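# Architecture and fold: a report
Each chain is listed here by its residues.
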Amino acid sequence: MSQEIEITGLNKSFGQGAAAFHALRAIDLTIATGEFFTLLGPSGCGKTTLLRIIAGFEEPSTGVLRINGKDVTGLGPDKRPINTVFQSYALFPHMSVAQNIGFGLKMLGKPKSEIKATVAEMLQLVRMEAMADRLPSEISGGQQQRVALARALAPRPRVLLLDEPLSALDLKLRKEMQSELKRLQTETGITFVFVTHDQEEALTMSDRIAVMSAGEILQLGPPQEIYNAPVNRFVADFIGDTNFLRLRLRVKAVAAGEAVLELPGGKQASARLPASISPPVGSLVTAVIRPEQAEPTPAGQGEMQAVVASATFFGTDTHLHLLLDDAQGFVLRRQNRPDQPSPAPGTKLGLTFAPGALRVLED
Amino acid sequence: MRGHGWKWLLCTPALIVLLLAASGPLLIVAVYSFLSPGNMGGVVWDFSLEAWFRVFFRRDIFEPDQVELNTAHLQVFWRSVWLSLQTTFICAFLGFPTAWFIATRPRHTRTVWLFLITIPFWTNLLIRTFAIQEMIRNNGTINAVLLWTGVIDSPIQMMFTEFAVLLGMAYVFLPLMVLPLYAAMEKMDFSLVEAGYDLYASRLNVLWHVILPQVKPGFIAGSILVFIPAIGAYVTPRILGGGRTMMLGNLIALQFGQGRNWPLGAALALLMLVMVVGALIFYLRVVGRNDGVRRG
């Protein structure tokens, strides 16, 4: 696969000297052609700044940005084969839906007949044919979202940037637009760079995710890898729900990348140990296990023993808040089934988990 | 309207002021325009259409039946409209970048700039106009500097020209254009500008297709605020324009003063009112419409 976007040694700081704010530090990133790439992180992590640099609204302080092999550092947004879907949609309020969609083509100096044909095609693509003559103020938020998408796709950019485009929509509409976006990306084959702080959105749509914090990319990889093998505590905490346990390291490197930890209650279990860290044997380490990767067993069986403290009902599943033998908390996700009522507080039960579910993390 | 019946009383003081200070005098002016002039000013209570006739036509002094178009009056009308249009245009041209500059400053410094814009309002108009006169008269500051540096050999005649009137009016009315333009720009969503650039628009195209349509209400409000007082301006053309560049306000004042023809003055004043209202309606119809959007 060819490289669509290539970022090397990119830094961005606002302000001067000691008061300077470093929004981005030493970013190296390549995004492949046709990829659905997501920048994920909490607000203020620099993901929007990175997007704005790719779009050309901001200049990097240092570093090079290449699009399709061509250095575009210093080129304005009107000179880059990139279009943006803005968080606020930024539809031109004085233009009709059709005029909004045709604006980019008109500015590129395309003939009227071509603009008309493309606008019709785009209206069909986002299923807004009936709304062509409406003003943006006369359509709903979800419809404005579709128009913003159509407007950005109409000039057939190489790359489409999406800045938290779904954050203003309600949950049901957001789910709908997620699959809609994925469909559009597959149909058009355009590279999507998507910015979001919603980890679920990132996991469901992306080919690859870059998790960002404080101006740095902490982990870069496919959703499964990010979820199953978070590189540090921040990523583990930010993506999905996780149980953090303080456990003693008993044996190191049984096999490469493996360790044995002592569980509350005294039993021992094997855990994955990333090659990047090397805590001394006998020390306390942080280990994580996802709430759905542990299973309840009858009391006395399993690796650990626990008491149910409380239960929270979530519809498809219930979160059981447990207390382990050494008083550490543990959340267990249990799928709801009509024939298996959730255990009452005070119930004793055992816990078991698959090998590989337990991971040692960098603190 | 349950229990709110008395609330209209709240606006009665304002209504009384408006009635006494605006509608009443206007009615008197309308009545006067159909009466005959008194010898020493004032009016004689004889119904006459002579004043309205005299607005447009002139009678020969010796043979009153010989009638010709009153070109002097028409010239004043035309000059008033033309100078006011130019003033509006100059204010818009100078006001737009100013308002843009202020609107793009950080929030806390905008107040300072707006404050600076309103400073001229603190000084009496008459004094400010005399100050301009001091700058541009033949042995005034500008000519003195130009003569001293040898750029010119003899003073440039600036006083009593249309240029002087334009300069004075543009100066006086500029804040009235800047403020509504700023208000419109402040409300503007600046991500629209980025969207414009993002969609391959050049700077000029962003200005034309994105920014101007957004600040159009500010332009409309500003043009009205500048044009209307400009067309009836009195002090500025009187001091800076003298007799040669008389405008409507001066012509009307002349009729109530040395001219001793109150009915003619009243008719001219009413005609000005009609012109302004007419221009306003025309302007709002043409410029204020929502152009370019077809309704399905």
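Residues numbered from 1 in each chain as written. Chains lettered and ligands numbered in written order. Predicted model: local features only at pLDDT ≥ 70, side-chain atom pairs only at ≥ 80, totals over all residues. Heavy atoms only, no water.

### Quick notes on the interface of chain B and chain A
Facing 23 residues of chain B, the contacting portion of chain A comprises 30 residues. Between chain B and chain A lies a buried interface of about 2300 Å² when both sides are counted; carbon and sulfur atoms form 57% of it. Summed over the shared surface of chain B and chain A, the result is one salt bridge. Its salt-bridge partner being Arg52(A), residue Glu194(B) comes within 2.6 Å of it at the nearest N-O pair. There are eight residue pairs in polar contact (both at pLDDT 80 or more) connecting chain B and chain A. Elements with a contribution of two residues or more to the side of chain B that touches chain A: α8 (191-198) and α9 (203-231) of chain B. For the side of chain B that touches chain A, the leading source of residues is α8(B), giving seven residues. (Contact = heavy atoms within 4.5 Å. Buried area = accessible area lost by both parts, 1.4 Å probe. Salt bridge = Lys/Arg side-chain N within 4 Å of Asp/Glu carboxyl O. Polar contact = N/O pair within 3.5 Å; in protein donor to acceptor, adjacent residues only side chain to side chain. Helix = DSSP H or I, 4+ residues; strand = E, 2+ residues; numbered from the N terminus.)

### Topic: the sheet that holds strand β16 (residues 304-313) of chain A
Residue and element names in this part refer to chain A. Taken in spatial order, the five strands make up an open sheet running β15-β19-β16-β17-β18, and their pairing is antiparallel. Whereas interior strands pair on both sides, the edge strands pair on one side only; in this sheet they are β15 (294-297) and β18 (329-335). Sheet twist, expressed as the mean angle between neighbouring strand axes with direction ignored, is 45°. Of the pairings in the sheet, the one linking β15 to strand β19 (residues 348-353) comprises four bridges and is antiparallel in character. When the sheet's bridge partners are listed, Pro296 is paired in β19 with Leu351. (Pairing = 2+ DSSP bridges. Axes fitted to C-alpha atoms, helices over the stretch in contact; angles between N-to-C directions.)

### With respect to the pattern of salt bridges
Taken as a whole and assessed by the stated rule, the structure comprises 29 salt bridges over all chains. When the shortest N-O distance is used, the salt bridge between Arg80(A) and Glu59(A) registers 3.7 Å. One end of the pair, Arg80(A), is in the loop between β5 (70-71) and β6 (82-85); the other, Glu59(A), is in the loop between α1 (47-55) and β4 (62-67), and 21 residues separate them in sequence. In this structure Glu59(A) comes out as partly exposed when scored by relative accessible area, which is 33%. One salt bridge in this structure joins Glu162(B) and Arg79(B), with 3.4 Å as the shortest N-O distance. On the criterion of sequence distance, the pair formed by Glu162(B) in helix α7 (residues 162-187) and Arg79(B) in helix α3 (residues 71-103) is long-range, its members being 83 residues apart. Glu162(B) sits in the partly exposed class, given a relative accessible area of 33%. On the basis of relative accessible area, Arg79(B) is assigned to the buried category, the value being 13%. (Buried < 20%, exposed > 50% of the residue type's maximum accessible area, 1.4 Å probe, protein only.)

### A look at the domain arrangement of chain A
All names here are of chain A. Split into domains, chain A comes out as domain 1 (3-237) and domain 2 (241-361). Computed from C-alpha atoms alone, the centre-to-centre distance between domain 1 and domain 2 is 38 Å. With 10 residues of domain 1 at the interface, the matching set in domain 2 holds nine residues. With both chains or domains summed, domain 1 and domain 2 bury close to 820 Å², and 49% of this area falls on carbon and sulfur atoms. Three residues stand out in domain 1 for area buried against domain 2, namely Tyr227, Arg233 and Ala236, and they jointly supply 59% of the buried area on that side. At the junction of domain 1 with domain 2, the criterion picks out zero salt bridges. Our enumeration of links across domain 1 and domain 2 arrives at three residue pairs in polar contact (both at pLDDT 80 or more). Of all the secondary structure elements, the ones that give two or more residues to the side of domain 1 that touches domain 2 are α7 (223-228) and α8 (233-238). (Domains from an automatic or database assignment.)

### Some thoughts on the packing of α9(B) against helix α12 (residues 262-287) of chain B
Residues and elements named next belong to chain B. Between α9 and α12, whose axes approach to 11 Å, the crossing angle comes to 165°. Between α9 and α12, the crossing angle belongs to the class labelled roughly antiparallel. Crossing handedness for the pair α9 and α12: right-handed. Counting all contacts with α9, which are made through Lys216, Phe219, Ile220, Ser223, Ile224, Phe227, Ile228 and Ile231, the residues of α12 involved are Met272, Met275, Val276, Ala279, Leu280, Tyr283, Leu284 and Val287. Residue composition of the contact of α9 with α12, by class: 14 nonpolar, one polar and one charged. (Parallel < 35°, antiparallel > 145°, perpendicular 65-115°, else oblique. Left-handed = near helix turned anticlockwise from the far one by under 90°. Nonpolar A, V, L, I, M, F, W, Y, C, P; charged D, E, K, R; others polar.)

### Observations regarding unusual backbone geometry
All names here are of chain A. Positive phi, close to 70°, is recorded for Tyr89, a residue that is not glycine. On the secondary structure map, Tyr89 appears in the loop between β6 and α2 (97-107). The exposure class of Tyr89 is buried, given its relative accessible area of 6%. Of note in the backbone geometry, Ala327 takes a positive phi value of approximately 75° without being a glycine. If you trace the backbone, Ala327 turns up in the loop between β17 (317-324) and β18.

### Observations concerning the nonpolar core
In globular proteins that are soluble, nonpolar side chains generally tend to be buried together. Formed by 68 residues in total, the largest nonpolar core has its most connected members in Ile7(A), Leu39(A) and Leu50(A). Take this core: its biggest share by element is 11 residues, from α7(B). Not counting the four nearest positions on each side in its chain, Leu50(A) is found in contact with Ile7(A), Leu10(A), Leu24(A), Ile27(A), Leu29(A), Leu39(A) and Met212(A). Ranked by size, the runner-up nonpolar core spans 36 residues in total, among them Val85(A), Leu125(A), Val126(A) and Ile139(A). (Core = buried A, V, L, I, M, F, W, Y, C linked by side-chain atoms within 4.5 Å.)

### Here we look at the sheet that holds β4(A)
Residue and element names in this part refer to chain A. Spatial ordering of the open sheet is given by β2-β1-β4-β5, a layout of four strands whose pairing is antiparallel. The open sheet has two free edges, formed respectively by β2 (21-32) and β5, since each of these has just one partner strand. Sheet topology places β4 next to β5; two bridges connect them, and they run antiparallel. Paired with Arg66 across the strands is Asp71, a residue of β5. Sheet strands in contact with α1 are β1 (3-14), β2 and β4, and its direction is about 120° off that of β1.

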